[in-house]
Amino acid sequence: MPSFMHPPAEALELHHVLSALADPTRLQIVRELHRAGNGLNCMNAAAPFCRVPKSTLSGHFRVLRESGIVTTTKRGVENINVLRYDDLEARFPGLLPTILGFVPAPEPVTV
């Protein structure tokens, strides 16, 4: 079973976090994770991003994980992604709420 590498909370670096959040898709993913509160599996996380290929979403989650913004755990065939809100808040107080306060809601998907 694959294991995911996550940086420890004390090793989180501001420039890595900001760089990861500079991408609009990753910023929306973090917004959805924050809104969901308890973690999203790949299918739930992909719902607002149905126009984004799964391989691209996997890459976005990898960047978010390596920057310390999310943790990913394997549950069966699903990857469960959880926002590391408490770790981020402890390391960079007020950063995430401030950034997310400026993120617009995603446009509704029409099919």
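Please refer to the structure placed before this passage.
Structure report, in brief.

Criteria and thresholds
Residues numbered from 1 in each chain as written. Predicted model: local features only at pLDDT ≥ 70, side-chain atom pairs only at ≥ 80, totals over all residues. Heavy atoms only, no water. Buried < 20%, exposed > 50% of the residue type's maximum accessible area, 1.4 Å probe, protein only. Helix = DSSP H or I, 4+ residues; strand = E, 2+ residues; numbered from the N terminus. Arc of directions from axis to C-beta. Contact = heavy atoms within 4.5 Å. Expected span 1.5 Å × (residues − 1). Polar contact = N/O pair within 3.5 Å; in protein donor to acceptor, adjacent residues only side chain to side chain. Salt bridge = Lys/Arg side-chain N within 4 Å of Asp/Glu carboxyl O. Pairing = 2+ DSSP bridges.

### Notes on helix α1 (residues 14-21)
- Every buried residue belonging to α1 is among Val17, Ala20 and Leu21, and all of these are buried. One face of α1 carries all of its buried residues, which in axial projection span an arc of 95 degrees.
- Next to the buried residues of α1 lie α2 (24-36), α4 (54-66), α5 (85-91) and α6 (95-100).

### A short note on α2
- In this model, α2 (13 residues) spans 18 Å end to end at C-alpha, consistent with the 18 Å of a helix rising 1.5 Å per residue.
- Listing the buried residues of α2 in full gives Arg26, Leu27, Gln28, Ile29, Val30, Arg31, Glu32 and Leu33.
- Between the side-chain oxygen of the N-cap and the backbone nitrogen of Thr25 there are 2.9 Å, and the N-cap of α2 in question is Asp23.
- After α2 finishes, the residue Gly37 shows a positive phi value of roughly 80 degrees.

### What about the side chain of His60?
- Considering the arrangement of structural elements, one finds His60 in helix α4.
- A polar contact of 3.2 Å, which involves the side chain of His60, links it to the side chain of Arg26.
- Ignoring sequence-local partners within four residues, the contact set of His60 consists of Asp23, Thr25, Arg26 and Ile29.

### Thoughts on the pattern of salt bridges
- Counted by the stated rule, this structure contains four salt bridges.
- Salt-bridge contacts for Arg31 lead to Glu32; the nearest nitrogen and oxygen are separated by 3.1 Å.
- One salt bridge connects Glu32 with Arg35, and the closest N-O pair in it is separated by 2.7 Å. Remark: Arg35 and Glu32 occur in helix α2; sequence separation between them is three residues, near one turn of the helix.
- The class of Glu32 is buried, set by a relative accessible area of 6%.
- On the basis of relative accessible area, Arg35 is assigned to the exposed category, the value being 59%.
- Taken together, the salt bridges that share partners define one network made up of Arg31, Glu32 and Arg35.

### Comments concerning the pairing of strand β2 (residues 70-75)
- Here β2 pairs with strand β3 (residues 78-83) via six bridges, running antiparallel. Paired with Val70 across the strands is Leu83, a residue of β3.
- Hairpin remark: β2 followed by β3, antiparallel, with two residues in the connecting loop; positive phi at Gly76, about 65 degrees.

None of this, on its own, says anything about what the molecule does.
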